[in-house]
Amino acid sequence: MDIFLRPLNLHSRDKEIPSDVVVPISSAPRYIPVERPPRVSSSLESPLIAEPPEYDLETIRAAIAPPAGTTHINSTPYTRKSRVLNHAIQDIGMGPYTWRLFALCGFGWFADNMWLQGLALILTSIQREFGIEDSRIGYTTCALFAGLCCGAVGWGVFSDFWGRRVAFNATLAIAAIFGLAVGSANSWFTIAALFACIGTGVGGNLPVDGALFLEFLPEKNGNLLAGLSVWWPVGQLVGSLVAWGFLPKCSCAAEVADAGRCRKEDNMGWRYLMFTLGGLTAVMFIARFFTFHLYESPKFYISRGRDEEAVAVVHGIAHRNKTKTWLTLDLLRELSRADDDADEIENHPSLTPSPSVMGGNSRLSAMQIVKLKTERFTIKQIRPLFADKKLGLTAVLVWFCWATIGMGYPLFNAFLPIYLTKNGAGGVKPNSIVYRNYAITSMVGVPGSVIAMYTIDTPYLGRKHTLSISTLLSGIFLFLFTISTKDTYQLTFACLEAFFQNIMYGSLYTFTPELFPAPVRGTGVGLASFINRITGLCAPIIAANTLGINPNVPVYIAGGLILAAGVAVLGVPVETRGREKL
């Protein structure tokens, strides 16, 4: 019974975690990077494999030393303690706790795309039941994207003030409640409003879940952050399979809707789909909230001056992963102390964490958190992205790719069932064909994300060429999709587009953070994500004003935008495969 009651205590003191996992540094598990043995000049020689140095306090201190050129913003007591925590978590490594967290964070990515595609799947049914014109139906998707933008910003800020744990659970809870409510809506306005509310929930999944998982993830397993993108197409697949079961049998046919006889009782398929997706989201919430005890982020604790609880969380991770750790409260404060703390307080009082920095208290006030979070988007922090021509060109091209892909993706995918229904040339396909084709398209797209995890590490492709080739092919297949109205033809190119599109996204999520050096990585990636959401919000407006003219026009625009992104990637002057992450 305790497993169901523990999560209800949202503000439990994590410092109560048992600390029997602590061992001396010399006997603690440690991460040793795997290096290639040196080459030998003859068969008579044997390579000399250097023994790893003795593990002691000075070894750890050297490992967590900040890179040369670190500014005061990246050398506060908070950031120094963060480096100590990162090193301790890396020494603990992956284990049952981290793998379960990977799956539960994947639920957020799963739900995000499931609801986006769920709306795309029911647009035709809503249009027929409520008599919505082609020029207005796209604003339903616009309402969802407005909610996604608010959720991405709102939950990110919320998690910085009140912790990751509440946001991690609340996002799916909100999506489940309003998702179930959509199925009972009796007007188009109510449906749009409820989808905006769903967006405020699922919109927080990607930023909160990604940040949370990253804060528990050993650095050597950083590729698993890109692995979360595998959950994205799976969400689309599940939504499309459920829709294929309900919508063909329980939806109004086009001729019935044209005659104005599409009644609610004859068009229940989309409501059944909403109830099912809402139920699935509720199950994912239950799995998170009732069956898994999520520790609060240790970095949140140190930002609030609760060092003892941050250390206790690391102990909890070690305990759940069935290993040991060297981290103690005294070591955290010893390793994070700097000789110039007094000068730092004098020169940068606004960033001073507490009156007792030398004692290790790194508590940040609400205004200090806001300052630290917003400072990365000021001119002062953006300017280093253009410190040299190479980095500046990289930043501009990457942001351009995120903008064009952010608009091109929903222009096609959020309205694909409508394109299939209208047959690309004003004709109408039966519901059974439309949703069958959509389910097959979703199924073919899933392997794309998995393949991307391997192709980005191949010598002849790497990140850059995997991203460019998959993006260019996605754009080409979008244009080919519109040439013929035959079922087999459209299905073939929709499947090919979905396959390469998922390779594109898997590569993009990996490539982007690696392009920016650590001091400006948050700024570069944060701006890319912001631009992506803003252009995504514009996509439904474009579709709403062009669908009525010719359903192929949004596809042409999407294809052009994604082709432009593929060309832009070729101009990026950096390949990050095999490079050290600075």
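Residues numbered from 1 in each chain as written. Predicted model: local features only at pLDDT ≥ 70, side-chain atom pairs only at ≥ 80, totals over all residues. Heavy atoms only, no water.

1. Some points on the packing of helix 4 (residues 96–130) against helix 12 (residues 269–289)
Here comes step 1: Two numbers describe how helix 4 lies on helix 12: the axes approach to 9 Å, and their chain directions differ by 165 degrees. Between helix 4 and helix 12, the angle falls in the class roughly antiparallel. Here helix 4 runs over helix 12; the crossing is left-handed.
Here comes step 2: Per-class residue counts for the contact of helix 4 with helix 12 are 18 nonpolar, five polar and three charged. (Axes fitted to C-alpha atoms, helices over the stretch in contact; angles between N-to-C directions. Helix = DSSP H or I, 4+ residues; strand = E, 2+ residues; numbered from the N terminus. Parallel < 35°, antiparallel > 145°, perpendicular 65-115°, else oblique. Left-handed = near helix turned anticlockwise from the far one by under 90°. Nonpolar A, V, L, I, M, F, W, Y, C, P; charged D, E, K, R; others polar.)

2. Digging into helix 6 (residues 164–182)
Here comes step 1: Look at helix 6: 28 Å from first C-alpha to last across 19 residues, which is about the 27 Å you get at 1.5 Å a residue.
Here comes step 2: Buried residues dominate helix 6, accounting for 14 of its 19 residues. (Expected span 1.5 Å × (residues − 1). Buried < 20%, exposed > 50% of the residue type's maximum accessible area, 1.4 Å probe, protein only.)

3. Description of the packing of aromatic side chains
Here comes step 1: In the structure shown here, the tally under the stated rule is 22 aromatic pairs.
Here comes step 2: For the pair F499 and F500, a centre-to-centre distance of 5.1 Å together with 85 degrees between the ring planes defines the contact as edge-to-face.
Here comes step 3: Classification of F500 by relative accessible area gives buried; the value is 19%.
Here comes step 4: Among the aromatic residues, those joined into a ring-pair cluster are F477, Y489, F493, F499 and F500. (Phe/Tyr/Trp six-rings, centres within 6.5 Å; stacked < 30°, edge-to-face > 60°.)

4. Looking at the state of the cysteines
Here comes step 1: For the structure on display, the rule yields one disulfide.
Here comes step 2: Note that C252 is cross-linked by a disulfide to C262, the S-S spacing being 2.2 Å. Across the S-S bond linking C252 and C262, the dihedral sits near 95 degrees, which makes this disulfide right-handed. Of this pair, C252 sits in the loop between helix 10 (231–246) and helix 11 (254–258) while C262 sits in the loop between helix 11 and helix 12, placing them ten residues apart in sequence. In terms of burial, C252 and C262 fall into one category: buried. (Disulfide = S-S within 2.5 Å.)

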